[in-house]
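Reading the structure
Chain by chain, the residues run as shown.
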Amino acid sequence: MSNQPGSSTAASIDQAPDEPAGRTGYAPGTPVLAVLAVGWLAAMLWSAREAIHSAAVGLTAITLSAYALPGVISAALVAGAAVALAASELAARRLGDRASLRFAAAIGAGMLVGLGTALAVNLTYADNATTNTIAGTSAAAAIIGGALAGARTPAPVGAMVTAALGTLIFVVLFSQARDPLFDLFGADDSQASLVGAAKWVSRTESLLAGLLAGLLAFGYLTWARRRAVRHAPDAPAPRWPAYLLAGAGPGLLLLLAEVIIRVGGRTLLDLAGALSEADAVAQTSLGTSRVDNGIWVLFVGALTAVILFGRTLGPTPRDDEPEAVED
């Protein structure tokens, strides 16, 4: 009996002051993740603005706006989810881990990100219908991302957002390697070789992005598990569906972003496609490529995360030895 108070004191000391007892679904690093995601959104907004303003007024600006829209929407979706996750985690720590409170904080944070994004576009871009389309669609994407982050399973959501942000950054960096890869896959002056090389480059990009998504998702969930065990040794370990969802999450977010683009940005895409037959073919091809990329990232990321999780499991105990007979 005399050891119980000491054990209680030791447990209370080991418990972090900002981590309420009983919370095992902790998502670590959410403030840093939110800052990185917002920074990436700002970079995408600035890049789109520079590209649009560098074009001549009229048809070229419309085309460049349509090209820039997917990057802005994807960044807004991830930023809304990251900031909302950080806000919901803060609310859960300070006010109690209730589903309604977590969801309200996430929605509120997503709306703030959406409002800030729309204001940034309207204040810094040219004031026209194209600008309004980008502003409204990106705001909607941020709010949807905030709603997704309001789930009561913050660790898988954090893994999903981390992997999605890493995938978006990788895709932009990968563009620097496209020309050497075109040469590697046998592109020359013929149209057939260019089409074939482009297909292989796209598949390589999607495969590598999916592998990165699975690695980041697995790494984040492993980190979250260790943090949870540190504060609550009896915390249940995430099972394979959590790793499957986290690994598939970036691909799901890419496909969701494509739905938002085609619904909210339909007017802009139609305007760009109506400029010429070549523009129509280009917009159709880009849309198909984005969908294919999302599907590849979804399946490769999910498979990678589950395989990595499976490698952490120990061997199943064998029951081939006879049980000892008690006297």
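Everything below is about the structure printed above this text.
Residues numbered from 1 in each chain as written. Predicted model: local features only at pLDDT ≥ 70, side-chain atom pairs only at ≥ 80, totals over all residues. Heavy atoms only, no water.

For the protein chain, the count of helices and strands is eleven helices and zero strands. The secondary structure elements of the protein chain, listed N-terminal to C-terminal, are α-α-α-α-α-α-α-α-α-α-α. Surface accessibility of the protein chain: about 17200 Å² in total, with carbon and sulfur atoms responsible for 66%. (Helix = DSSP H or I, 4+ residues; strand = E, 2+ residues; numbered from the N terminus. Areas by Shrake-Rupley, 256 points an atom, 1.4 Å probe, with all protein chains shown as cover.)

Following the sequence through the fold, Gly-39 ends up in helix H2 (residues 30–53). What makes Gly-39 partly exposed here is its relative accessible area of 39%. Sequence separation between Gly-39 and Ala-75 is 36 residues; the distance between their C-alpha atoms is 9.5 Å. (Buried < 20%, exposed > 50% of the residue type's maximum accessible area, 1.4 Å probe, protein only.)

Let us now look at the packing of helix H9 (residues 240–264) against helix H11 (residues 277–311). At a minimum axis separation of 6 Å, H9 and H11 run at an interaxial angle of 170°. The angle between the axes of H9 and H11 places the two elements in the roughly antiparallel class. By residue class, the composition of the contact of H9 with H11 is 17 nonpolar, seven polar and three charged. (Axes fitted to C-alpha atoms, helices over the stretch in contact; angles between N-to-C directions. Parallel < 35°, antiparallel > 145°, perpendicular 65-115°, else oblique. Nonpolar A, V, L, I, M, F, W, Y, C, P; charged D, E, K, R; others polar.)

As a further point, take the side chain of Thr-130. Here Thr-130 lies in helix H5 (residues 129–148). If we ignore the near neighbours within four places in the chain, the residues touching Thr-130 are Ile-62, Ser-65 and Leu-268. (Contact = heavy atoms within 4.5 Å.)

Counting across every chain of the model gives four aromatic pairs. Judged by centre distance (5.6 Å) and plane angle (40°), the ring pair of Phe-170 and Phe-174 falls under tilted. With Phe-170 and Phe-174 both in helix H6 (residues 154–174) and four residues apart, the pair spans about one turn of that helix. Of the residues examined, Phe-174 reaches a relative accessible area of 8% and is grouped as buried. Where Tyr-220 meets Trp-223, the ring centres are 5.9 Å apart and the plane angle is 85°; that geometry is what we call edge-to-face. (Phe/Tyr/Trp six-rings, centres within 6.5 Å; stacked < 30°, edge-to-face > 60°.)

Moving on, we come to H5. Under the 1.5 Å per step criterion, the end-to-end length of H5 is 29 Å for 20 residues, consistent within 8% with the ideal 28 Å. Residues Thr-130, Thr-131, Thr-133, Ile-134, Ala-135, Thr-137, Ser-138, Ala-139, Ala-141, Ala-142, Gly-145 and Gly-146 constitute the buried set of H5. (Expected span 1.5 Å × (residues − 1).)

On inspection of all chains with the given rule, the structure shows five salt bridges. Arg-102 is the salt-bridge partner of Glu-89, the closest N and O atoms lying 3.0 Å from each other. Of this pair, Glu-89 sits in helix H3 (residues 59–95) while Arg-102 sits in helix H4 (residues 99–124), and the two are 13 residues apart along the sequence. Close ionic contact of Glu-258 with Arg-262 constitutes a salt bridge, the shortest N to O distance being 2.7 Å. Taken together, the positions of Glu-258 and Arg-262, both in helix H9 and four residues apart, correspond to about one turn of that helix. Residue classification places Arg-262 among the partly exposed positions, given a relative accessible area of 43%. Look at the salt bridges and you will find they share partners, linking Glu-258, Arg-262 and Arg-290 into a network. (Salt bridge = Lys/Arg side-chain N within 4 Å of Asp/Glu carboxyl O.)

Geometric values such as these leave the question of function open.
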